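Notes for the structure review
Listed below are the residues making up each chain.
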Amino acid sequence: MNLELLESFGQNYPEEFDGTLDSISLASTCAFNRRGTLLAVGCNDGRIFIWDFLTRGIAKSISAHVYPVCSLSWSRNCKKLLSASTDHNVCIWDVLSGECEQRYRFPTSILRVQFDPRNDKRFLVCPMRHAALLVDTDGDHKILPIDEDGDVNVMASFNRRGDYVYTGNAKGKILILDSQTLAVKASFKITVGTSSTTSIKSIEFARRGDCFLVNTSDRVIRVYDTNTVLQCGVNGEPEPIQKLQDLINKTTWKKCCFSGDGEYICAGSARQHALYIWEKSIGNLVKILHGTKGELLLDVVWHPIRPIIASISAGVVSIWAQNQVENWSAFAPDFKELDENVEYEERESEFDVEDEDRSVDQAGDTRDDEEVEVDVTSCEAVAAFCSSDEEGEDENVLLFLPTAPEIEDPEDGWAATQETITPAETPEKLEPAAKRPKSKTYDISLKIPPPEQSLSFGGKNKQAAGNKKVAGRPRK
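Residues numbered from 1 in each chain as written. Predicted model: local features only at pLDDT ≥ 70, side-chain atom pairs only at ≥ 80, totals over all residues. Heavy atoms only, no water.

1. Focus on the sheet that holds strand S2 (residues 27–32)
Read across the sheet, 4 strands follow the order S2-S3-S4-S5 without closing on themselves; strand pairing throughout is antiparallel. Of all the strands in the sheet, just S2 and strand S5 (57–63) have a single pairing partner and so form its edges. Averaged over all pairs of adjacent strands, the angle between their axes in this sheet comes to 20 degrees, without regard to strand direction. Sheet topology places S2 next to strand S3 (residues 38–43); 5 bridges connect them, and they run antiparallel. Residue pairing for S3: alanine 31 is matched across the bridge by alanine 40. (Pairing = 2+ DSSP bridges. Helix = DSSP H or I, 4+ residues; strand = E, 2+ residues; numbered from the N terminus. Axes fitted to C-alpha atoms, helices over the stretch in contact; angles between N-to-C directions.)

Here it is, written out as structure tokens:
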């Protein structure tokens, strides 16, 4: 795929529906790998399907969990997949073999997991009713500090390079922590009006640039610049670059994300299957994509390189892409499209070895006869595949999954002797399944506060009110 030829000179966002990916079971969440060649889809029955996005086919199926998968995250080299489920388990999977490398058991449900963007040896976990954690693959974990107000309903996210962790609580307070020392580098509070606060629902970062968005419960998406926020320091008051909202319908947002180049922002409605796309620099709404009526949106992700969006509703992954129009004049400026056949009249000397009709000026011009050396061996790095602090592409990235060919009449015992072999592996390096080490399981104990009980008008809970004796004649 040559990305330079895919460069669009007009809009760079999806325009229309482009098919579905049906994973047999009901899909609940999805995530693209770094290059966008593989799409991991987590389902309600606990299975994870890895789709080859170029061929739109299932490349691998992993029986990961017992309960629904709620969050997925790819490692930087795309060889590991992090999954979280409502069964309180977080697992690290080897994408090639489909086996579980490590399993972490928590005492509560997990809202979100994320690999460190530059280190696959640690990851971020956001448990329910508890502060976020930084977990190492060795089993150690660190609890991220919370704000002075003591609110433990925290959503957290790594920044683009994993240097900082941004946390937001239900009272609108955002902390920026150093990912190594966990020291608070900056903080600010999102307020509505003069005094009231709003809950932080999610924090998302752009793959390109230094911007991040904050989705809050007041139905407004705020876009901030990371450099400005860090310069404001602790208890700063940074102003957002943009405030995006649906002024007409007052839509609440289920999921928000940036485009691959960071120039557009997509937000999925929590009321219906509708995707709103804004241009980040101006803040204007450029497109609304409507799905099937009556369906609720579950997840939205943008392709990391191309203008493609994947959304999940009613258990099916919908793909949104641009309308591809064939433009044959792009191959030659003087190319003309014909509605019907036209007889071509060739010049008398058009196919001669030496053009006798060439003018004297053209005859004296010998620049075409000069030998020009063309380098066909060295490969230049594609800018879309590299980060701004990298010179070349990562050669260890897993782009595709090898699959065994379908043979109509296989020989006896053929299926038992076949095993997936990657180009980097040799038959000598492969081990039998019985000798492979089992996955390690870690139990992470957390102090989870009990759920708040609703209070009656008298100030006591319902249970105490129910046990209170009722005045009157005693029962016989």
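2. Overview of the pattern of salt bridges
Scanning the entire structure with this criterion turns up 9 salt bridges. The salt bridge involving arginine 47 is made with aspartate 45; its shortest N-O contact spans 2.9 Å. For arginine 122, the salt bridge goes to aspartate 116, with nearest N and O atoms at 2.6 Å. Each member of the pair, arginine 122 together with aspartate 116, is buried. (Salt bridge = Lys/Arg side-chain N within 4 Å of Asp/Glu carboxyl O. Buried < 20%, exposed > 50% of the residue type's maximum accessible area, 1.4 Å probe, protein only.)

3. Some details on the confidence of the model for the chain
Close reading of the predicted structure is inappropriate where its pLDDT is low. Overall, the predicted model of the chain reaches an average pLDDT of 84, with 80% of residues at or above 70. Long-range and interchain partners of residues 414–436, a stretch whose pLDDT sits below 50, account for 15 contacts in this model, where long-range means more than four residues apart. The low-confidence segment residues 453–471 (pLDDT under 50) makes 6 contacts with residues lying over four places distant or belonging to another chain. (pLDDT = per-residue confidence, 0-100. Contact = heavy atoms within 4.5 Å.)

4. Some remarks on the nonpolar core
Judged by nonpolar contacts, the single largest core of 20 residues is most densely connected at Ile48, Trp74, Leu81 and Trp93. Not counting chain neighbours up to four residues away, the residues in contact with isoleucine 48 comprise Val41, Lys60, Ser61, Ile62, Ala64, Val69, Leu72, Leu81, Ser83 and Trp93. (Core = buried A, V, L, I, M, F, W, Y, C linked by side-chain atoms within 4.5 Å.)

5. A few points about the packing of aromatic side chains
Inspection of every chain in the model, using the stated rule, returns 14 aromatic pairs. In this structure, arginine 56 packs its charged tip against the face of phenylalanine 53, placed 5.0 Å from the ring centre. (Phe/Tyr/Trp six-rings, centres within 6.5 Å; stacked < 30°, edge-to-face > 60°. Lys NZ or Arg CZ within 6 Å of the ring centre and 35° of its normal.)

6. Focus on the pairing of strand S22 (residues 221–225)
Regular strands show a simple pattern: their side chains alternate between the two faces of the sheet. Counting buried positions over the 5 residues of S22 gives 5, a clear majority of the element. The alternating pattern of S22 places Ile221, Val223 and Asp225 and Arg222 and Tyr224 on opposite faces, both of which are buried. In this sheet, S22 lies alongside strand S21 (residues 211–216) in antiparallel orientation, the contact comprising 5 bridges. Along S22, the bridge assignment pairs phenylalanine 212 with tyrosine 224. When S22 meets strand S23 (residues 242–244), the two strands line up antiparallel, connected through 3 bridges. Across the sheet, residue valine 223 finds its bridge partner in S23, namely glutamine 242.

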